[in-house]
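Chain by chain, the residues run as shown.
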Amino acid sequence: MKEGLMQTVKAGENIFCKGEQGEHAYIIERGQVDISFKRGERSIRVASLGPGEIFGEMALIDNRERSATATAAIDCELLVIRREQIQAVLKTADSTVSLLLEVLLGRFRSMQGRLDFSSEPSAVIAQSTESLRKAERYRHRNAIDRLKLERELEQAIEENEFQLLMQPIISMTTGRPAGFEALLRWDHSERGYIPPDQFIAIAESTDLIQSIDLWVIRHAFRQIREIHNAIEAPLGPLPFVSINLSGVSFTSDKALTLIQDLVEESDIDPSIFKIEITEGVLIDNPKQVSIMLDRLREMGVQIALDDFGTGYSSLSYLVAFPISTIKIDRIFVSNMLVDGRSLEVVRAIISMAHTLDLKVIAEGIENVPELQSLWQMNCDYGQGFLLGRPLDMEKAVAYAKRGPVMTTGPVMLQN
Ligand code: C2E
Ligand code: CA
Ligand code: CA
């Protein structure tokens, strides 16, 4: 049976007892939980926790038995955090921080042990636990939010709470949509829309990113096929789909195999897939990534270097890796007309790319002067709110069918 995300506990029920092996920690969504120790026959309450607070995490951090008993004071609803989640966070934590945490926990447990059997009044125990709890509450706020989001993210994949929007990429030579970048959205049942910047990094620190990347590949493929099918008489090549893949996807060949299967199962031209990667991915794992990129290129898939200009922007990457396209970061495009140096950077990137036989996509075009300037510099493709926002499928299909977006002047055409 699948473990539930939420657990309901009735007033008076124990959530766990002292001495048990712990498999879960809990975040209180609703209700109140008492933490207590037994002294002889007496049960001494040392803390009373409310919504938003975490408990049961200690046994998962140091892999020891439960040091106290947790009881629902009133009916409770608890968000269940699995051992692996905590362990994954610890694995990626700074080693000094992990060590400090171990030492601290060791001290806390030994203090707890002493207090447990001493004849000190329970108030002392309560006080020491209370002050520790206050400090913890402050420090753990972010960590708790993060754990919650992680657990919900797992559920989001199963519940299909994701949506893949398609942002048009326009050819500056034809004025027509040349492709779409697939951009992920999480439509959270309670928090509403959550932008990728807020959950991709969390997913990347766990195994979840693998499942998300595979989901994105499958849906991007399905959606671009739907767009192709809607274009009745193509005037040029069918639009490509750009997919953002995280570094983790290059550590196994799952993503690559999926793309290969999708291409083989259909009669589609593999070059409709453009994989976007950042320099960070190349730097973190150059050998492995290089092998994967070579295989993708052999299959006919295109590779774009995303956010170019923001990282190290080492020119050696452009030669060392089989890259077909550079995406100039939005920051340069938005500064270009107010800062002469940004303009020269953009000009130099385009000219260098063309010398190396690479295509250039300028990101974040928000006004006509920016578009005109890029067109004059012979930029190949443009993307940005001026040309089209990330669209749902209904709007993306209509967009793809509507023909030129700008004349090659370039003058924007009205809708
Ligand atoms: P990115 O790959 O650089 O994507 C472009 C971001 O710029 C998108 O934000 C897009 O909505 C935004 N954008 C496009 N044109 C304009 C413009 O003219 N003005 C402004 N201000 N913004 C513009 P979004 O969708 O919020 O995505 C943010 C980042 O999240 C992406 O940056 C990408 O790194 C990541 N991401 C998005 N979708 C996925 C995905 O499916 N998988 C992975 N691994 N990462 C994704
Ligand atoms: Ca991108
Ligand atoms: Ca980008």
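In this report, the structure presented in the accompanying data block is examined. (Residues numbered from 1 in each chain as written. Chains lettered and ligands numbered in written order. Predicted model: local features only at pLDDT ≥ 70, side-chain atom pairs only at ≥ 80, totals over all residues. Heavy atoms only, no water.)

1. A look at the site of ligand 1
Rule in force here: The nearness test applies per residue and asks whether one of its heavy atoms lies within 4 Å of the molecule or strand. Under the rule applied, a polar contact is a pair of N or O atoms within 3.5 Å (in protein, one hydrogen donor and one hydrogen acceptor; residues adjacent in sequence only if both atoms are side-chain atoms). Working definition of accessibility: Shrake-Rupley area with a 1.4 Å probe, residue cover restricted to the visible protein chains. Cavities and pockets were defined on a 1 Å grid built from protein atoms only: a cavity is a group of points that admits a 1.4 Å probe but offers it no way out, a pocket is an open group of points flanked by protein on both sides within 12 Å along at least five of seven lines, and a lining residue is one with an atom within 4 Å of any such point. To qualify as sitting in a cavity or pocket, a molecule needs more than half of its atoms within 2 Å of the grid points. In this text, helices come from DSSP runs of H or I with a minimum length of four residues, and strands from runs of E with a minimum of two, each type numbered from the N-terminal end. When residue character is reported, Ala, Val, Leu, Ile, Met, Phe, Trp, Tyr, Cys and Pro are called nonpolar, Asp, Glu, Lys and Arg charged, and the others, Gly included, polar.
The local shell around ligand 1 holds 21 residues, among which Q167, R185, D306, E366 and F385 are the closest. With respect to ligand 1, the side chain of R330 contributes an N or O atom lying 3.1 Å from a nitrogen atom. Between ligand 1 and F385 there is a distance of 2.8 Å, counted from an oxygen atom to a backbone nitrogen or oxygen. Contact with the protein chains removes 84% of the 800 Å² of surface that ligand 1 exposes when unbound. A majority-of-atoms criterion places ligand 1 in the largest pocket. A total of four residues in the shell around ligand 1 trace back to one element, the largest contributor, which is strand β10 (residues 177-188). Grouping the amino acids of the shell around ligand 1 by side-chain chemistry returns eight nonpolar, four polar and nine charged.

2. Some words on the coordination of the calcium ion (ligand 2)
Operational definition: Only nitrogen, oxygen and sulfur atoms within 2.8 Å of the metal, or 3.2 Å for Na, K and Ca, are treated as donors, and water is left out, so sites may look incomplete.
For the calcium ion (ligand 2), the protein coordination sphere consists of E181 (OE), N244 (OD1), E276 (OE) and D306 (OD), at 2.2 to 2.3 Å. Metal-to-metal, the separation of the calcium ion (ligand 2) and the calcium ion (ligand 3) is 3.9 Å; D306 coordinates the two. Taken together, the positions of E181 in strand β10 and E276 in strand β13 (residues 273-277) put the pair 95 residues apart, joining distant regions of the chain.

3. Here's the deal with the layout of surface pockets
For clarity, the cut-off: Grid points are joined across faces, edges and corners, and a volume is the space filled by probe spheres set on the points.
Roughly 1,100 Å³ of volume is contained in the largest pocket. Along its surface, the largest pocket is lined by 38 residues, and E181, L183, P196, D197 and N244 are the ones closest to its centre. When residues of the lining of the largest pocket are traced back to their parent elements, those giving at least two are β9 (162-171), β10, α5 (196-204), α6 (208-230), β13 and β14 (302-308). For the lining of the largest pocket, the per-class residue count stands at 17 nonpolar, eight polar and 13 charged.

4. Regarding the coordination of the calcium ion (ligand 3)
Rules: In this scheme, a residue with accessible area under 20% of its type's maximum is buried, one over 50% is exposed, and one in between is partly exposed, where area comes from a 1.4 Å probe on protein chains only.
Donor atoms from the polypeptide that bind the calcium ion (ligand 3) are D306 (OD), D307 (OD), E363 (OE) and E363 (OE), placed at 2.3 to 2.5 Å. Every donor residue of the calcium ion (ligand 3) comes from the same chain, spaced as D-D-x55-E. The buried category is assigned to E363, whose relative accessible area is 12%.

5. Points about empty space enclosed by the protein
Inspection of the entire model under this criterion finds three cavities of 30 Å³ or more. Roughly 50 Å³ of internal volume is contained in the second largest cavity. Around the second largest cavity, the lining residues are L245, S249, F250, A255, L256, I259, M292 and L296. Secondary-structure elements contributing two or more residues to the lining of the second largest cavity are α7 (254-265) and α9 (286-299). Element by element, the count of residues in the lining of the second largest cavity is highest for α7, at three residues. Of the residues contributing to the lining of the second largest cavity, the split by class is seven nonpolar, one polar and no charged.

6. A few points about the environment of E161
What counts is decided by this rule: By the convention used here, residues are in contact when the closest approach between their heavy atoms is within 4.5 Å.
Positionally, E161 belongs in the loop between α4 (122-159) and β9. Judged by its relative accessible area of 18%, E161 is buried. Linking E161 and H188, residues 27 residues apart in sequence, is a C-alpha distance of 6.5 Å. When sequence neighbours within four positions are dropped, the list of residues in contact with E161 reads A156, R185, W186, D187, H188 and S189.

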